[in-house]
Amino acid sequence: MSFTRGATALLLAALLPACSGGDGSCDGEVLPPVHAADLCVNAGCGERVVLLDIPSAENLIFSNTGRLFVSSGLGVLEIRRKADGSFESLPISEARGYNGLAIAGDVLYAVSGDGTLSATRLDASPRLEAIYQMSGMCIANGMAFGPDGALYVVDEPLNLCVPDPKIKRLRLSAVDPFAVVGEEVWVQGSPLGQLHLGLDNVLRFPNGLQRAGNRFFGTDGGSVYAVDLQADGSAGTVTPLYFTVDAHDDLGLVGDDGLLVAGFFTGRIRLLSRDGELLQQTEPATFSFPSSVRLGRPPMFRPDDILVTETGVLTDNNLPLDHLSLFRRRDP
């Protein structure tokens, strides 16, 4: 452990007890940002801990106040820590499959594979209700809000449908966050969905999506790519950043310099720089088909914790392989 990394970790730990906000706020103060160099993403320094069994766990998101939500094959769940330190899951939706999650202000959005968009206020008792039906979706998956206030939704062609990979843009009403007022294709992928080596600028199997500034980061089979929102609202060139033989699922942002990526087939979590350099990775089969990964947030988790959803065997909600797990640096 370097002095800089160790000093940052100690400072984070010292500030944690007073923290009340998952956005890094701590009783009015701002926690030091977590950067790629602060993380442990390998067995030499960290270990995996299963927190909960969640059937077909798919995606996860933190609110700005540190509330944690997980989408799954049986609905969207809020994860809470009990007085004894263990965790529990509380359903906030009907019992059906949900994929991507996104939050704007105090509203949580969740999308089902068929393109049904649901939303709820994040009050004391949130309850997701359908607000919009997207057209022409095969498997609606990763979601992220753009700097323009629009919601960007990935359509993944891994189903019994005509392959039509794309990223759609949904425009929400300026006065009503539960009203969608426009829908359009923002990035059109290859209509044939051919296998590829991740070395060109065409989407074929897009899945996860995150956004930092005007740049979106996404996954596409074994590739991790970036695409910019241009000043005129159009999409820039899809630029591959990293490729390996795997199927990358969703991904998470690390400060202003890193990306965490879930390697579904290999069972690995990878830490990349923003320009696609592989910095660290867990051993193969550390996780059972990881589907999403995010940094932790106070008050339930340390800022350098890594939360992972594990889908297990697709379409099977009964095998004991579906989890919400934590990868945490071991205490010295």
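Here the structure is a predicted model, which means the values were calculated and not measured.

### A closer look at the sheet that holds strand E26 (residues 323-329)
Judged by pairing direction, the sheet is antiparallel, and its 4 strands sit side by side in the order E3-E26-E25-E24 without closing on themselves. This sheet does not close on itself; its edge strands, each paired only once, are strand E3 (46-53) and strand E24 (290-295). Within the sheet, the average angular offset between the axes of one strand and its neighbour, ignoring direction, is 25°. Where strand E25 (residues 306-310) lies against E26, 5 bridges are found, and the strand directions are antiparallel. Within E26, the residue paired with Thr309 across the bridge is Leu324.

### Remarks on the environment of Val227
Here Val227 lies in strand E18 (residues 223-228). Val227 sits 10 residues away from Thr237 along the chain, and the two C-alpha atoms are 5.9 Å apart. If we ignore the near neighbours within four places in the chain, the residues touching Val227 are Trp186, Val187, Asn214, Arg215, Phe216, Ala235, Gly236, Thr237 and Val238.

### Things to note about the sheet that holds strand E15 (residues 180-188)
Read across the open sheet, the 4 strands follow the order E12-E13-E14-E15; overall the sheet is antiparallel. The open sheet has two edge strands with one neighbour each: strand E12 (140-145) and E15. Averaged over all pairs of adjacent strands, the angle between strand axes in this sheet comes to 25°, irrespective of strand direction. Inspection of the sheet shows strand E13 (residues 151-155) paired to strand E14 (residues 166-172) by 5 bridges, in the antiparallel sense. Each bridged residue has a counterpart across the sheet, and for Val153 the counterpart in E14 is Lys168.

### Brief notes about the pattern of salt bridges
Side-chain pairs of opposite charge can arise whenever the charged atoms involved come near each other. Under the definition given, this model contains 18 salt bridges. The residue Arg96 makes a salt bridge to Glu94 at a minimum N-O spacing of 3.7 Å. Look at Arg96 and you get partly exposed, because its relative accessible area is 25%. Note that Glu184 and Arg169 form a salt bridge whose closest N and O atoms lie 2.9 Å from each other. Separated by 15 residues along the polypeptide, Glu184 in strand E15 and Arg169 in strand E14 bring together distant segments of the chain. For Glu184, a relative accessible area of 30% translates into the label partly exposed.

### A short note on the state of the cysteines
Applying the stated criterion across every chain yields a total of 2 disulfides. Shown here is the disulfide that connects Cys40 with Cys45, its sulfur atoms set 2.0 Å apart. Classification of the bridge connecting Cys40 and Cys45 rests on its S-S torsion, roughly 105°, and on that basis the disulfide is right-handed. Classification of Cys40 by relative accessible area gives buried; the value is 3%. Paired by a disulfide, Cys138 and Cys161 hold their sulfur atoms 1.9 Å apart. Of note, the bridge from Cys138 to Cys161 carries an S-S torsion of about -85° and is left-handed in sense. Highlighted residues: Cys138 in the loop between strand E11 (129-133) and E12 and Cys161 in the loop between E13 and E14, separated in sequence by 23 residues. Exposure remark for Cys161: the relative accessible area of 29% places this residue in the partly exposed category. Taken in sequence order, the bonded cysteines of the protein chain link in the pattern 1-2, 3-4.

### Topic: unusual backbone geometry
Following Pro298, the chain continues into Pro299 via a peptide bond in cis, with omega recorded as 5°. Positive phi is not limited to glycine here, since Ser56 has a value of about 50°. Mapped onto the elements, Ser56 comes out in the loop between E3 and strand E4 (59-62). Positive phi, normally seen in glycine, also occurs at Ala285, with a value near 65°. On the accessibility criterion, Ala285 (61% relative accessible area) is exposed.

Thresholds applied
- Residues numbered from 1 in each chain as written.
- Predicted model: local features only at pLDDT ≥ 70, side-chain atom pairs only at ≥ 80, totals over all residues.
- Heavy atoms only, no water.
- Pairing = 2+ DSSP bridges.
- Helix = DSSP H or I, 4+ residues; strand = E, 2+ residues; numbered from the N terminus.
- Axes fitted to C-alpha atoms, helices over the stretch in contact; angles between N-to-C directions.
- Contact = heavy atoms within 4.5 Å.
- Salt bridge = Lys/Arg side-chain N within 4 Å of Asp/Glu carboxyl O.
- Buried < 20%, exposed > 50% of the residue type's maximum accessible area, 1.4 Å probe, protein only.
- Disulfide = S-S within 2.5 Å.

Note that all results are geometric; they support no functional claim without further evidence.
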